[in-house]
Amino acid sequence: MEPLLPGKSEADQVDKIFMLLGTPTEKIWSGVSSLRNFRKFKFAQQPHSKLALRFPNVTGACLDLLSRLLTYDPQK
């Protein structure tokens, strides 16, 4: 077993998360732009969620569950 996103540093970890799940936006995480440190960084804009590409054998309800488990918005 190995980590899903094995980052080598905090910045590398954030980059790996954004590459897989997309860069967070107000549309997918209401209030993200008002987070204290969010505006300090310039993130490469990644399209939202490449989970289906990363896990090609996972479909339907399982992919939906995985997507919900890895959501950015803590209210969800």
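Just so it is clear, the model here is predicted, and its values are computed rather than measured.

Residues with a pLDDT of 70 or more make up 100% of the protein chain, whose mean pLDDT is 88. Here helix α1 (residues 10-21) stands out as the least confident element of the protein chain, with mean pLDDT 89; helix α3 (residues 60-69) is the most confident, with 93.

For α1, spanning 12 residues, the distance from its first C-alpha to its last is 16 Å, which sits close to the expected 16 Å at 1.5 Å a residue. Against the buried residues of α1 lie α2 (51-54).

Within this structure, the stated rule accounts for two aromatic pairs. Pairing Phe18 with Tyr72 gives two aromatic rings, centres 6.1 Å apart and planes at 80 degrees, and the pair type is edge-to-face. Residue Phe18 is located in helix α1, and its partner Tyr72 is located in the segment after α3; the two are separated by 54 residues in the primary sequence. Overall, Tyr72 belongs to the buried group, its relative accessible area being 15%. Where Trp29 meets Tyr72, the ring centres are 6.1 Å apart and the plane angle is 5 degrees; that geometry is what we call stacked. Of the two residues, Trp29 is situated in the loop between α1 and α2 and Tyr72 in the segment after α3; the sequence distance between them amounts to 43 residues. You'll find Trp29 and Tyr72 in the same group, each marked buried. A network of ring pairs unites the aromatic residues Phe18, Trp29 and Tyr72 as a single cluster.

So, on to the pattern of salt bridges. If you walk through the whole model with that rule in mind, you get two salt bridges. Across the salt bridge formed by Asp12 and Lys16, the nearest N and O atoms sit 3.9 Å from each other. With a gap of four residues between them, Asp12 and Lys16 both fall in helix α1, about one helical turn apart. Of the residues examined, Asp12 reaches a relative accessible area of 23% and is grouped as partly exposed. The salt bridge partner of Arg68 is Asp64, with a shortest N-O separation of 2.9 Å. Of this pair, Arg68 and Asp64 are both found in helix α3, four residues apart, which corresponds to roughly one turn of the helix.

Criteria and thresholds
- Residues numbered from 1 in each chain as written.
- Predicted model: local features only at pLDDT ≥ 70, side-chain atom pairs only at ≥ 80, totals over all residues.
- Heavy atoms only, no water.
- pLDDT = per-residue confidence, 0-100.
- Helix = DSSP H or I, 4+ residues; strand = E, 2+ residues; numbered from the N terminus.
- Expected span 1.5 Å × (residues − 1).
- Contact = heavy atoms within 4.5 Å.
- Phe/Tyr/Trp six-rings, centres within 6.5 Å; stacked < 30°, edge-to-face > 60°.
- Buried < 20%, exposed > 50% of the residue type's maximum accessible area, 1.4 Å probe, protein only.
- Salt bridge = Lys/Arg side-chain N within 4 Å of Asp/Glu carboxyl O.

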